[in-house]
Amino acid sequence: MINNQTIAARGLQTVWHPCTQMKDHEDLPLVPIRRGKGVWLEDFDGNRYIDAISSWWVNLFGHSNPHINAALKTQTEELEHVILAGCTHEPVVRLSEQLAQITPGNLQRCFYAENGSAAIEIALKMSFQYWKNCGQSNKTEFINLENSYHGETIGALSVGDVSIFKDTYQPLLLRPHTVPSPDCYQRETGESWKERSLQRVADLEDALQKHGENTCAVIVEPLVQCAGGMRMYHPVYLRELRRLCDAYHVHFIADECAVGFGRTGTMFACEQAGVTPDFMCLAKGLTGGYLPLSAVVTSDEIYQAFYDDYESLRGFLHSHSYTGNPLCCAVALATLELFEQNNTIEQNKLLIDVLAKSTERFNEHPHVGEVRQTGMITAVEMAQDKETKTPYPWQQRRGLTVYRHALENEALLRPLGNVVYFMPPYVITPEEIEHLCNVAWDGICKATT
Ligand SMILES: *Cc1c(COP(=O)(O)O)cnc(C)c1O
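Residues numbered from 1 in each chain as written. Predicted model: local features only at pLDDT ≥ 70, side-chain atom pairs only at ≥ 80, totals over all residues. Heavy atoms only, no water.

Novice: Whenever I open this one, the sheet that holds strand E10 (residues 251-255) confuses me. Can you help?
Specialist: Sheets are built from strands paired through backbone hydrogen bonds, the pairs being either parallel or antiparallel. Reading across from one edge, E4-E12-E11-E10-E7-E5-E6 is the order of the 7 strands in this open sheet, with mixed pairing throughout. Strands with a single pairing partner mark the edges of an open sheet, and in this sheet they are strand E4 (107-113) and strand E6 (177-179). For this sheet, the mean angle separating the axes of adjacent strands, direction not counted, is 20 degrees. Pairing between E10 and strand E11 (residues 279-282): 3 bridges, direction parallel. Following the sheet pairing, Ala254 is matched in E11 by Met280. Sitting on the sheet, helix H5 (residues 116-133) is in contact with E4, strand E5 (141-145), strand E7 (215-220), E10, E11 and strand E12 (294-299), with an inclination near 25 degrees to E12. (Pairing = 2+ DSSP bridges. Helix = DSSP H or I, 4+ residues; strand = E, 2+ residues; numbered from the N terminus. Axes fitted to C-alpha atoms, helices over the stretch in contact; angles between N-to-C directions. Contact = heavy atoms within 4.5 Å.)

Novice: I tried to follow empty space enclosed by the protein on my own but got confused; where do I start?
Specialist: One way to see where empty space is left: roll a probe the size of a water molecule over the atoms. Counted by the stated rule, this structure contains 1 cavity of 30 Å³ or more. The computed volume of the largest cavity comes to approximately 40 Å³. For the largest cavity, the full set of lining residues is Ser148, Tyr149, His150, Gly151, Ala156, Leu157, Gly160, Asp161, Val162, Phe165 and Lys166. Tallied by class, residues from the lining of the largest cavity come to 5 nonpolar, 4 polar and 2 charged. (1 Å grid on protein atoms, 1.4 Å probe; cavity = no way out; pocket = protein on both sides within 12 Å on 5 of 7 lines; lining within 4 Å. Points joined across faces, edges and corners; volume = space filled by probe spheres on them. Nonpolar A, V, L, I, M, F, W, Y, C, P; charged D, E, K, R; others polar.)

Novice: Sorry if this is basic, but what is going on with the sheet that holds strand E14 (residues 377-382) here?
Specialist: Ordered in space as E13-E14-E16, the 3 strands form an open sheet in which the pairing is antiparallel. A strand with exactly one partner marks an edge of an open sheet, and here the two such strands are strand E13 (368-374) and strand E16 (419-422). Across the sheet, the axes of successive neighbouring strands diverge by a mean angle of 15 degrees, strand direction being ignored. Judged from the 6 bridges that link them, E13 and E14 form a sheet pairing that is antiparallel. Bridge assignment links Glu370 to a residue of E14, and that residue is Glu381. Strands E13, E14 and E16 of the sheet are contacted by helix H15 (residues 430-447), whose axis makes an angle of about 175 degrees with E16.

Novice: Looking at this structure, I do not really get unusual backbone geometry. What am I missing?
Specialist: Of all residues except glycine, most have a negative phi; of all peptide bonds, most are trans. With a phi angle near 60 degrees, Lys389 is a residue other than glycine that sits in the positive phi range. Classification of Lys389 as buried rests on a relative accessible area of 14%. In this structure, Glu410 takes a positive phi of about 60 degrees despite not being glycine. Accessibility expressed as a relative area gives 36% for Glu410, which makes it partly exposed. (Buried < 20%, exposed > 50% of the residue type's maximum accessible area, 1.4 Å probe, protein only.)

Novice: I'm lost on the site of the ligand in this one. Help?
Specialist: In the region of the ligand, the neighbouring residues are Trp57, Asn115, Gly116, Ser117, Tyr149, His150, Gly151, Glu221, Asp255, Cys257, Ala258 and Lys284. Measuring from an oxygen atom of the ligand, one finds a side-chain N or O atom of Ser117 at 2.6 Å. Within the contact set of the ligand, an oxygen atom lies 2.6 Å away from a side-chain nitrogen or oxygen of Lys284. Contact with the protein chains removes 83% of the 380 Å² of surface that the ligand exposes when unbound. In terms of residue class, the shell around the ligand is built from 4 nonpolar, 5 polar and 3 charged. (Near = heavy atom within 4 Å. Polar contact = N/O pair within 3.5 Å; in protein donor to acceptor, adjacent residues only side chain to side chain. Areas by Shrake-Rupley, 256 points an atom, 1.4 Å probe, with all protein chains shown as cover.)

Novice: What exactly am I supposed to notice about the domain arrangement of the chain here?
Specialist: When the parts of a complex come together, some accessible area is lost, and that lost area is often used as the size of the interface. Per the domain assignment, the segments making up the chain are domain 1 (31-64 + 344-447) and domain 2 (69-341). For domain 1 and domain 2, the distance between their C-alpha centroids amounts to 26 Å. Taken together, the 31 residues of domain 1 in the interface contact 30 residues of domain 2. Overall, the association of domain 1 and domain 2 removes approximately 2700 Å² of surface from exposure, summing both partners, and the carbon and sulfur fraction of that is 61%. Considering only the side of domain 1, the residues that lose the most area to domain 2 are Trp57, Ile345 and Thr374, jointly responsible for 22% of the buried surface there. Taken together, the links from domain 1 to domain 2 amount to 2 salt bridges. For the interface between domain 1 and domain 2, the tally reads 16 residue pairs in polar contact (both at pLDDT 80 or more). Elements supplying a minimum of two residues to the side of domain 1 that touches domain 2: helix H2 (54-57), helix H13 (344-359), E13, E14 and E16. Examining the composition of the side of domain 1 that touches domain 2, we find that 5 residues originate from one element, E13, more than from any other. Here the side of domain 1 that touches domain 2 is composed, by residue class, of 17 nonpolar, 10 polar and 4 charged. (Domains from an automatic or database assignment. Buried area = accessible area lost by both parts, 1.4 Å probe. Salt bridge = Lys/Arg side-chain N within 4 Å of Asp/Glu carboxyl O.)

Novice: How should I be thinking about the packing of aromatic side chains in this particular structure?
Specialist: Working definition: an aromatic ring pair is given by the centre-to-centre distance plus the angle between the planes. The full count for this structure, using the stated rule, is 13 aromatic pairs. Ring centres 5.2 Å apart and planes at 85 degrees place the aromatic pair Phe61 and Phe339 in the edge-to-face group. Placement of the pair is Phe61 in the loop between H2 and helix H3 (66-78) and Phe339 in helix H12 (residues 326-342), with a sequence separation of 278 residues. Classification of Phe339 as buried rests on a relative accessible area of 8%. Ring centres of Phe339 and Tyr426 lie 6.3 Å apart, and the angle between their planes is 75 degrees; this geometry places the pair in the edge-to-face category. (Phe/Tyr/Trp six-rings, centres within 6.5 Å; stacked < 30°, edge-to-face > 60°.)

Dropping the structure here:
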């Protein structure tokens, strides 16, 4: 008989879970999920949970979405996979045409991989090689933001700045120049997001002045530093970043792995600043949360710097086994169809409003330092001292109390340290949002007493 207890116990014998100190599970039960439908997940004992975090930010249109299911079934009957070096296929051609169309400005050339980290590696390598191909072998460095996150592989980890993931591996990593984040959490009273973010531009310019000549690219997460605790900033910073990158001949890599596909209220976060990066990295929501696929979209100008006779060795000789997998591409196409059919970006405005109204009351909580929102991402930051925003020491793991409380109340919340956040699938209802807020409120009360 399979029930929660038996499957969890078996799992703990052989599965090594991601981002987990496995010893935690001596007293923290795993949640064995049997099936999902829409925003709901169901375990083997029949308990239900609202997936408030879209299964690590990937799910956009709910679990077991009929439209995506159908597209996947159809593609399975046609072609499950073929090598993308030397061969091509309809799903990858159509997806590339569509990505070229919906991404900003002159972004039009798509390179594929299987996850966000790999997309970051590709963007870093492409940027480096572009400059090398242009005769600028001196450009070997990168600039990143404090508190940024770009994935877990060695290169991607190098350009991130979340110490809990990174510090252990420091001896193995590239050393980027890290500039202060435009994040607005610690802004002065009365200071606007725009003013705060603008203030950080000077540091960026400083770094570019010092290192621009040897720098390939600046890499940022546009508008929201998600893994860094859903820290948010004003689009004006991206405008200034674009201007400075042009002035100092440095690429702008926009890591939209998490914020792309409507999360910030627009299809891509860069749109809110009216800027086009040199490389846009897409992952997570690209397949609506179904299958692993990522893309790096870049301009024809950059593409042309690699285009030459084979013997010139200017080509981008990078590959992954499943590059451009047809099933993944078909599912990504079905996801983009849903954006069209449902007029999702427009429809989400209602949900964004509901999220704003339902979370307003958290401002009154004596241990909430801030409630912040960018589009479909809302975060409530617990603080020991509301006025000074002094955080609870991370060792106290207050977020875990919220997590446990939520599981007992039909919600899967997964706080990042002291930050409780909602990043739900777009098929959530206002009532379900209200439920999440009630659960989070009680959980935060429990965690902060
Ligand atoms: C999740 C994430 C990545 C890494 O993507 P994976 O698919 O987990 O490798 C990179 N950048 C950002 C901003 C992310 O949120």
